[in-house]
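Coordinates in review
Single-letter residue listing:
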Amino acid sequence: MAPVSLFLEWPSRPGQNPEDWAPKNTAEATANIDKWYDAGVPLFSRESLQEIQDRLQGPLKAGDMIKVKGMDGEVYQYKVKVGEKRSSYCMDIDPETGDGSETEQLVHYVMGLPIPKYTPIQHLKDNLTHGSLESAYCSLSIANRMHCLDQHENSLDRLEDSLELFNSSKRAWEQSDSWKQIQTTLSTVRLPTKIRKIVGMACGPFAIQSAYPGVPRSAVQHAFLLTLKKYLMENDMACDEIPCYAQDPAYTEADHRVLGTYDIEVVDDPRGFLELDHDSVLFCCAPNIAVKQVVTDIARPAILIWCKVEDADPDPEYRYTDPDSSRVRKMINEGYDEFPFPDDDNFTCMRIYVIRRGLGTEEVLNNGEDSGVIT
Ligand SMILES: C[S@@+](CC[C@H](N)C(=O)[O-])C[C@H]1O[C@@H](n2cnc3c(N)ncnc32)[C@H](O)[C@@H]1O
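All figures in this text were calculated on a predicted structure; none of them were measured in a lab.

With respect to the domain arrangement of the protein
Under the domain assignment used here, the protein contains domain 1 (5-148) and domain 2 (155-369). The distance between the C-alpha centroids of domain 1 and domain 2 comes to 25 Å. Each side of the interface is counted separately: domain 1 has 18 residues, and domain 2 has 18 residues. If you list the elements that add at least two residues to the side of domain 1 that touches domain 2, you get helix 3 (46-57), strand 5 (100-118) and helix 4 (121-128). Residue composition of the side of domain 1 that touches domain 2, grouped by class: 12 nonpolar, four polar and two charged.

Examining unusual backbone geometry
Residues D269 and P270 are joined by a peptide bond in cis, for which omega reads 10°. Examined against the element boundaries, P270 turns out to sit in the loop between strand 9 (264-266) and helix 9 (271-274). A positive phi is found at D263, a non-glycine position, where the angle reads about 60°. You can see D263 is positioned in the loop between helix 8 (253-261) and strand 9. By C-beta crowding, D263 is classed as exposed, having 11 other C-beta atoms within 10 Å.

Quick word on the site of the ligand
Residues in close proximity to the ligand total 18 residues, the closest being A202, G204, A250, C285 and A286. Residue contributions to the shell around the ligand peak at three residues, all from helix 7 (residues 216-234). Split into classes, the residues belonging to the shell around the ligand amount to 10 nonpolar, five polar and three charged.

Things to note about the environment of E28
Checked against the element boundaries, E28 lands in helix 2 (residues 26-38). C-alpha separation for the pair E28 and L133, spaced 105 residues apart in sequence, amounts to 10.0 Å.

Thoughts on the packing of helix 5 (residues 159-174) against helix 8
The N-to-C vectors of helix 5 and helix 8 enclose an angle of 50°; their axes lie 10 Å apart at closest approach. In terms of axis orientation, helix 5 runs oblique to helix 8. For the crossing formed where helix 5 meets helix 8, the hand is right-handed. Of helix 8, the residues touching helix 5 (which contributes L159, S162, L163 and F166) are A254, R257, V258 and T261. Residues of the contact of helix 5 with helix 8, tallied by class, amount to five nonpolar, two polar and one charged.

Regarding the nonpolar core
Among soluble globular proteins, nonpolar side chains are generally buried collectively. Grouped together as the largest cluster of nonpolar side chains are 84 residues, with contacts concentrated most on L282, V291 and I305. With eight residues, the single largest contributor to this core is helix 7. Here this core spans two domains, and each of domain 1 (5-148) and domain 2 (155-369) adds at least three residues to it. Sequence-distant contacts of L282, defined by excluding residues within four places in its chain, comprise V199, M201, L276, V295, P301, L304, I305 and W306.

Here's the deal with the environment of E275
By the secondary structure assignment, E275 is in the loop between helix 9 and strand 10 (280-284). Accessibility expressed as a C-beta count within 10 Å gives 21 for E275, which makes it buried. The spatial distance from the C-alpha of E275 to the C-alpha of A286 is 20 Å, given a sequence separation of 11 residues. Not counting residues up to four positions away in its chain, the partners in contact with E275 are K197, V199, Y245 and S280.

Quick notes on the sheet that holds strand 8 (residues 244-247)
Spatially, the seven strands line up as an open sheet ordered 9-8-7-10-11-13-12, and their pairing is mixed. Of all strands in the sheet, those with a lone pairing partner are strand 9 and strand 12 (336-340), marking the two edges. Neighbour-to-neighbour, the strand axes of this sheet turn through a mean angle of 20°, independent of strand direction. For strand 8 and strand 9, the ladder comprises three bridges, and the chain directions are parallel. By the bridge assignment, C244 is partnered in strand 9 with I264.

Considerations on helix 5
Count 3.6 residues to each turn of an α-helix, and residues three or four apart come out pointing the same way. Counted at 1.5 Å a residue, the expected span for helix 5 with its 16 residues is 22 Å, and the 22 Å between its end C-alpha atoms agrees. Restricting attention to buried positions, one finds in helix 5 the residues S162, L165, F166, S169 and W173. Take helix 5 and look down its axis: the buried residues cluster within an arc of 95°, on one side only. Set apart from the buried face of helix 5 by more than 90 degrees, the exposed residues are E160 and R171. Contact partners of the buried residues in helix 5: helix 6 (177-186), helix 7 and helix 8.

As for helix 3
With 12 residues, helix 3 extends 16 Å between its outermost C-alpha atoms, agreeing within 8% with the 16 Å of an ideal straight helix rising 1.5 Å per residue. Within helix 3 the residues assigned to the buried category are R46, S48, L49 and I52. Considered in projection along helix 3, the buried side chains sweep an arc of 160° and stay on one side of the axis. Exposed and facing more than 90 degrees away from the buried side of helix 3 are E47, D54 and Q57.

Conventions adopted
- Residues numbered from 1 in each chain as written.
- Predicted model: local features only at pLDDT ≥ 70, side-chain atom pairs only at ≥ 80, totals over all residues.
- Domains from an automatic or database assignment.
- Contact = placed C-beta atoms within 7 Å.
- Helix = DSSP H or I, 4+ residues; strand = E, 2+ residues; numbered from the N terminus.
- Nonpolar A, V, L, I, M, F, W, Y, C, P; charged D, E, K, R; others polar.
- Buried ≥ 20, exposed ≤ 12 C-beta atoms within 10 Å, placed from the backbone.
- Near = placed C-beta within 6 Å.
- Axes fitted to C-alpha atoms, helices over the stretch in contact; angles between N-to-C directions.
- Parallel < 35°, antiparallel > 145°, perpendicular 65-115°, else oblique.
- Left-handed = near helix turned anticlockwise from the far one by under 90°.
- Core = buried A, V, L, I, M, F, W, Y, C linked by C-beta atoms within 7 Å.
- Pairing = 2+ DSSP bridges.
- Expected span 1.5 Å × (residues − 1).
- Arc of directions from axis to C-beta.

The following block contains the structure:
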């Protein structure tokens, strides 16, 4: 599958030079980030995501600016570059193994529409050591997508094969022991609310293209969304008919079509996040954006099915894309019960987290959805 490439540029501030606003040094920036984080200032606020969503839905042209508040409460702006062309040297990636080649080749890109960029707390602080003080407080920022000009493949050429890949993956999943075990687990769950929607985040494109054989694992993850929806509806855990949304910027046109056949609506970033509220389910396996930290700042979904939340951060040298944080752990420990998720090659080490009923639930919901600050 073709990875999503992003072009990042430093932000600007109207009428100011970076020296006017950038913290003096790494120590000052680190101290401020720690102080605000400990005080509950969100890295990602629902309000900011909604403003970005509103901007991305309107007409955008190269040179337009998108404004986003930093963690310091100041407004930073990012230039839209849609249509601009760039070239850079890149490694060839083996689609089977993900390994890069030893030689690099010149690749030509055209900039696509802007997309939000989420920097988790660990990376925000790591980045300071690379000298990027002018964006020190920009946990939420804007990047431009890059589309390779040398790829002319039409994913719809193999639409029938992709549909068959999805159907066979779905049949296998429906019959699997893993799905049986999950149903047994779900039968023990007591929810404080009926589920009104399911959001599948970063499930990955699965459609077949000539250079890519298709990804059954991603097809299974989407099939899981469908079986989950059916189970919740049949067992009176959901409203009559509930929508199912999927957000992953790497979907091809063929992925869109296949998912549309099953009433899974593909949504652009950040709408998938904005759909999350207390009567939703979020499923997300091994994303390469900071889903846990975004969700923790903006919502308290009734069910979270995502990679196990560990008791401590991993070794800082092991940089990864969806890190837990003290805030994620607090949300899970204080507000959710953990249920098992079977070992299955189609998923990484997952858990099912169900929001706790009774004492504390209301405060957790209110903090997550209404206030700008997480306490
Ligand atoms: C390592 S892959 C995991 C795919 C699949 N869930 C799996 O377990 O094999 C990470 C996925 O995150 C997706 N991703 C990247 N940015 C995203 C965004 N802004 N919103 C949703 N998904 C995103 C990528 O396109 C990719 O499909």
